[in-house]
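The residues making up each chain are set out below.
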Amino acid sequence: MGIYWKLIWAYIKIGIFGFGGGYAMLSLVEKAVVEPGWISETMFTDIVAISQMTPGPIGINSATYIGFVAPGSVDPAFNGIIWGLLGSVLATLAVSVPSFFLVLYSSHFIRRHNESGAIKAVFSGLRPVVVGLIASAAIMLMNAANFNPNGISTQMWTNIAICVIAFCLAFFPIKVKKKSFKMHPILIIILAGIAGFLLYY
């Protein structure tokens, strides 16, 4: 049962110190679950992709998924749906309950002192930190598990091309008959999935 206590403790820390939302806490999640060997780096990147495609915050989605697979990967005795569901529930509660109470208290405190110079100074320092954490998460995901999992150079360059095209479609507006619009992220995800199926199946 030690893995469950470790899961709870890891996700309590992530829930308390995971500033900046899901993207910013990715490096914290990786350090907590990949470095101890609970899941592989490849599985972690797959979990991030699944967490992005499913509804809900990435932090909670990843906690639910990792809580399900980690016990069985650490100890074969915990293989099975019941043990996986237990891990999912514990990890999800551990990451969300501390955050809930922190937000509940801090929002009340900030509302009372929103004109305070000290509060404004704290937020001025937090903003660039959050941007840095999100940037570090983006760099962290630019790894071999995402772009070159099989060690094939052509696959790596194909994956890089898919990444660049997806970025361009999401960031730059498309002009059609003097009208410009940005492609919806859901459509980009669907197109990327179709491209992956056609290229790698």
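On a predicted model such as this, the values are computed, not experimentally measured, just so you know.

Here we come to the overall build of the chain. The helix and strand inventory of the chain stands at 10 helices and two strands. Starting at the N terminus and walking to the C terminus, you meet the elements of the chain as α-α-α-α-α-α-α-α-α-β-β-α. Expressed as lengths along the three principal axes of its C-alpha atoms, the size of the chain is roughly 55 × 50 × 25 Å. Classification of the 201 residues of the chain by burial places 28% in the buried group. Taking the contacts inside the chain whose residues are at least 6 apart along the sequence as the reference set, 54% of them involve residues at least 24 apart. Surface summary for the chain: the accessible area is close to 12900 Å², and the carbon and sulfur share equals 73%. Charged side chains of the chain number 12 positive and 6 negative; the gap between the two group centres comes to 21 Å.

So, on to the state of the cysteines. Summed over all chains, the structure comprises zero disulfides. Counting only cysteine sulfurs, Cys 168 is the nearest neighbor of Cys 163, a cysteine outside any disulfide, at a range of 9.4 Å. The class of Cys 168 is partly exposed, set by a relative accessible area of 31%.

The next point concerns the packing of aromatic side chains. Per the stated rule, a full pass over the model turns up seven aromatic pairs. Ring centres of Tyr 4 and Phe 78 lie 5.4 Å apart, and the angle between their planes is 80°; on these two criteria the pair is classed as edge-to-face. Residue Tyr 4 is located in helix H1 (residues 2-17), and its partner Phe 78 is located in the loop between helix H5 (58-74) and helix H6 (81-112); the two are separated by 74 residues in the primary sequence. Taking 5.3 Å as the distance between ring centres and 75° as the angle between the ring planes, the aromatic pair formed by Phe 100 and Phe 101 counts as edge-to-face. Through successive ring pairs, a cluster of aromatic residues spans Tyr 4, Phe 78 and Trp 83. Just above the ring of Phe 171 sits the side chain of Lys 182; from NZ or CZ to the centre is 5.6 Å.

Attention shifts here to H6. The end-to-end C-alpha separation of H6 is 46 Å, in line with the 46 Å expected for 32 residues at 1.5 Å each. Gly 84, Gly 87, Ser 88, Ala 91, Thr 92, Ala 94, Val 95 and Pro 98 are the residues of H6 that are buried. Looking at the packing, one finds that the buried side of H6 touches H1 and H5.

To continue, consider a nonpolar patch on the surface. A surface patch of nonpolar side chains, amounting to about 900 Å² of accessible area, comprises Ile 186, Leu 187, Ile 190, Leu 191, Ile 194, Phe 197, Leu 198 and Tyr 201. Relative to the helices and strands, Leu 191 resides in helix H10 (residues 185-200). According to the relative accessible area criterion, Leu 191 is partly exposed, its value standing at 40%.

Below, the discussion takes up helix H3 (residues 26-33). Because each turn of an α-helix spans 3.6 residues, side chains separated by three or four positions in sequence point in the same direction. Restricting attention to buried positions, one finds in H3 the residues Leu 26, Val 29, Glu 30, Ala 32 and Val 33. Each buried residue of H3 sits inside an arc of 165° when the element is viewed along its axis, so together they form one side.

It is worth spelling out the nonpolar core at this point. Tyr 11, Leu 26, Val 29, Val 33, Ile 39, Phe 44 and Ile 66 are the most contacted members of the largest nonpolar core, which totals 30 residues. Only H1, H3, helix H4 (41-53), H5, H6 and helix H7 (117-140) provide two or more residues apiece to this core. Top element by residues in this core is H1. It accounts for seven residues. In contact with Val 33, not counting residues within four places along its chain, are Tyr 11, Trp 38, Ile 39, Phe 44 and Ile 66.

Mapped onto the elements of the fold, Ala 195 is located in helix H10. Classification of Ala 195 as partly exposed rests on a relative accessible area of 23%. It is 8.3 Å that separates the C-alpha atoms of Ala 195 and Ile 162, two residues lying 33 residues apart in sequence.

Definitions and limits used
- Residues numbered from 1 in each chain as written.
- Predicted model: local features only at pLDDT ≥ 70, side-chain atom pairs only at ≥ 80, totals over all residues.
- Heavy atoms only, no water.
- Helix = DSSP H or I, 4+ residues; strand = E, 2+ residues; numbered from the N terminus.
- Buried < 20%, exposed > 50% of the residue type's maximum accessible area, 1.4 Å probe, protein only.
- Contact = heavy atoms within 4.5 Å.
- Areas by Shrake-Rupley, 256 points an atom, 1.4 Å probe, with all protein chains shown as cover.
- Lys, Arg positive; Asp, Glu negative; His and termini not counted.
- Charge placed at Lys NZ, Arg CZ, Asp CG, Glu CD.
- Disulfide = S-S within 2.5 Å.
- Phe/Tyr/Trp six-rings, centres within 6.5 Å; stacked < 30°, edge-to-face > 60°.
- Lys NZ or Arg CZ within 6 Å of the ring centre and 35° of its normal.
- Expected span 1.5 Å × (residues − 1).
- Patch = residues over 30% accessible without salt bridge, like charges linked within 9 Å, V, L, I, M, F, W, Y side chains within 5 Å.
- Salt bridge = Lys/Arg side-chain N within 4 Å of Asp/Glu carboxyl O.
- Arc of directions from axis to C-beta.
- Core = buried A, V, L, I, M, F, W, Y, C linked by side-chain atoms within 4.5 Å.

Interpretation in functional terms is not warranted from these geometric data alone.
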